[in-house]
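Breakdown of the fold
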Amino acid sequence: MSDPLLAVRNLEKHYPITEGVLRREVGRVRAVDGVTFEVARGETLGLVGESGCGKSTVGRCVLRLEEPTGGEVVFDGEDVLALSGRARKRFRRRAQLVPQDAAASLDPRMSVGQSVAEPLAIHGYGDRERRRAVVADLLERVGLDADDVARYPHELSGGQKRRVAIARALVLNPALVVADEPVAGLDVSVQAAILRLLARVRDRFDLAMLFVSHDLSVVREVCDRVAVMYLGELVELAPTERLFTDPGHPYTRALLSAVPARHPRERGRGTELPGDVPSPANPPPGCRFHTRCPEVIPPPDSDFGQGAWRAVMTLRQDLAADDLDLRFARELAGTDDPDALAAAVRRAYDVPAELSDPAAERVLTAALATAVRGDGRAAADRLADEFPTVCEHRHPRRYRAGEGQWATCHLHDEALDANAGQIVRNEMPREER
Ligand SMILES: Nc1ncnc2c1ncn2[C@@H]1O[C@H](COP(=O)(O)OP(=O)(O)OP(=O)(O)O)[C@@H](O)[C@H]1O
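Note that the coordinates shown come from a computational prediction; the quantities given were computed from them, not determined experimentally.

**Regarding the side chain of T240**
Within the secondary structure layout, T240 lies in helix α9 (residues 240–245). The class for T240 is buried, based on a relative accessible area of 5%. Contact partners of T240, with chain neighbours within four places excluded, come to V219, R220, C223, D224, R225 and V226.

What follows is the structure, encoded as structure tokens:
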């Protein structure tokens, strides 16, 4: 992109995890872990992903409401992280946040008029009369009445509070707005009205927008392009319609299949993806999504079938985490017989009673025998040794998935076939970024 308004490169925000009175650092929450994207002037870029994947932290770091621990943020040619004094104040004026919690962001002791005028006063804009005129004009633009100027937050509905928060963000005439879940928690009809409002003000003010949302159907309505985030990283970026019609990453596909039909009544009620999101303090190695990926790549020279392979991986992960519930297996089996227990574990994990690949079946049978004897870790190690997957062992690189679209997935790793036979535990290439 030539001359983007915003360029974010390898952005990183790690929070230290400390212990004891000396607050010794014992680990790091990798909330944002090497995120790169650009936003053109007047463009709306969506940032989507499940809760906790780091979207809000990206937004806050871009606006420098938080100091990133690494990377670059360039706004209109200026290095945002190096700004100080007047240049920083100017940036604050030109890049604004519509906060996630509009209600909490409004001072309950300030009237709507005072709230919206406050940024003008802080930045020394005009006299009181001039400010009053600007506020009145803006309130009308965001769909509030002149009478609302004197009202207080507790007198406003959720939608009205959002409108005030949007007016506050717009009053200094910014070039960039980070809108953090601007319609979450609103009724569908109010959501639609706020989205229309955002689209209108964006066009009217030629705003660039970073639109943070967990709701894909909302993103589809307002964004030009969409970036998909998982556990601190971007896994895909694409023009909006391409993302919805031809997603390049299994995580995007999984998110899309969790989105309910585009019926307005259904919106925002998306079903959860299966499996827990791992902790960003200890993200999985290789592709971070491999622990939940329905398309995780089977070991080379194996003949598992995708569903069976995913089931074996999930079983292995639970074994490694000491999460195999043998009591449940006993209840399911109705006996302590090891073979019956192993069969019950298979059923609980949707692993076929017999794998189609005889060699793999022998390994799994042996591992399950170890597991039902109570040594889940040893069983997990055995499975990991015998069934390596590139997804776990190498960080995927970006591939070009289409016009203006990239994703990071080993399914498109051209080098994969050449290397496949050589993937052996402990000899894995170092994680690459
Ligand atoms: N101040 C902090 N200290 C430690 N960890 C934090 C801090 N702020 C955020 N995190 C962690 O960073 C990760 C990313 O959080 P973030 O709020 O950016 O995610 P999100 O995708 O915006 O989620 P949500 O939609 O729920 O807000 C989470 O695991 C969160 O717990």
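Further notes follow.
**Considering the sheet that holds strand β2 (residues 24–39)**
Strands sit in the order β2-β1-β4-β5 across an open sheet of four strands; the sheet is antiparallel. The sheet is open, and its two borders are formed by β2 and β5 (78–79), each paired with just one other strand. Here strand β1 (residues 6–19) runs beside strand β4 (residues 70–75); their pairing, made up of five bridges, is antiparallel. Across the sheet, V8 pairs through a bridge with V73, a residue of β4. Seen against the sheet, helix α1 (residues 55–62) touches β1, β2 and β4 and runs at an angle of roughly 115 degrees to β1.

**Concerning the sheet that holds strand β12 (residues 405–408)**
On the basis of which strands lie adjacent, the open sheet formed by eight strands has the order β6-β7-β8-β3-β9-β10-β12-β11 and mixed pairing. Unpaired on one side and paired on the other, β6 (95–98) and β11 (398–402) mark the two borders of the sheet. Taken over all neighbouring pairs, the strand axes of this sheet differ in orientation by 20 degrees on average, direction set aside. Judged from the two bridges that link them, strand β10 (residues 233–239) and β12 form a sheet pairing that is antiparallel. Paired with E236 across the bridge in β12 is A407. On the sheet, helix α2 (residues 85–94) packs against β6 and β7 (176–180) and is oriented at approximately 45 degrees with respect to β6.

**What to know about the nonpolar core**
Counting 88 residues, the largest nonpolar core has V116 and F211 as its most contacted members. Two domains each provide a minimum of three residues to this core, namely domain 1 (6–231) and domain 2 (306–388). Not counting chain neighbours up to four residues away, the residues in contact with V116 comprise V135, L138, L139, V164, A167, R168 and V171. The next biggest cluster of nonpolar side chains, apart from the first, holds 32 residues, and it includes V58, V80, L176 and A227.

About the thresholds
- Residues numbered from 1 in each chain as written.
- Predicted model: local features only at pLDDT ≥ 70, side-chain atom pairs only at ≥ 80, totals over all residues.
- Heavy atoms only, no water.
- Helix = DSSP H or I, 4+ residues; strand = E, 2+ residues; numbered from the N terminus.
- Buried < 20%, exposed > 50% of the residue type's maximum accessible area, 1.4 Å probe, protein only.
- Contact = heavy atoms within 4.5 Å.
- Pairing = 2+ DSSP bridges.
- Axes fitted to C-alpha atoms, helices over the stretch in contact; angles between N-to-C directions.
- Core = buried A, V, L, I, M, F, W, Y, C linked by side-chain atoms within 4.5 Å.
- Domains from an automatic or database assignment.

Purely spatial values, then, with no claim about function.
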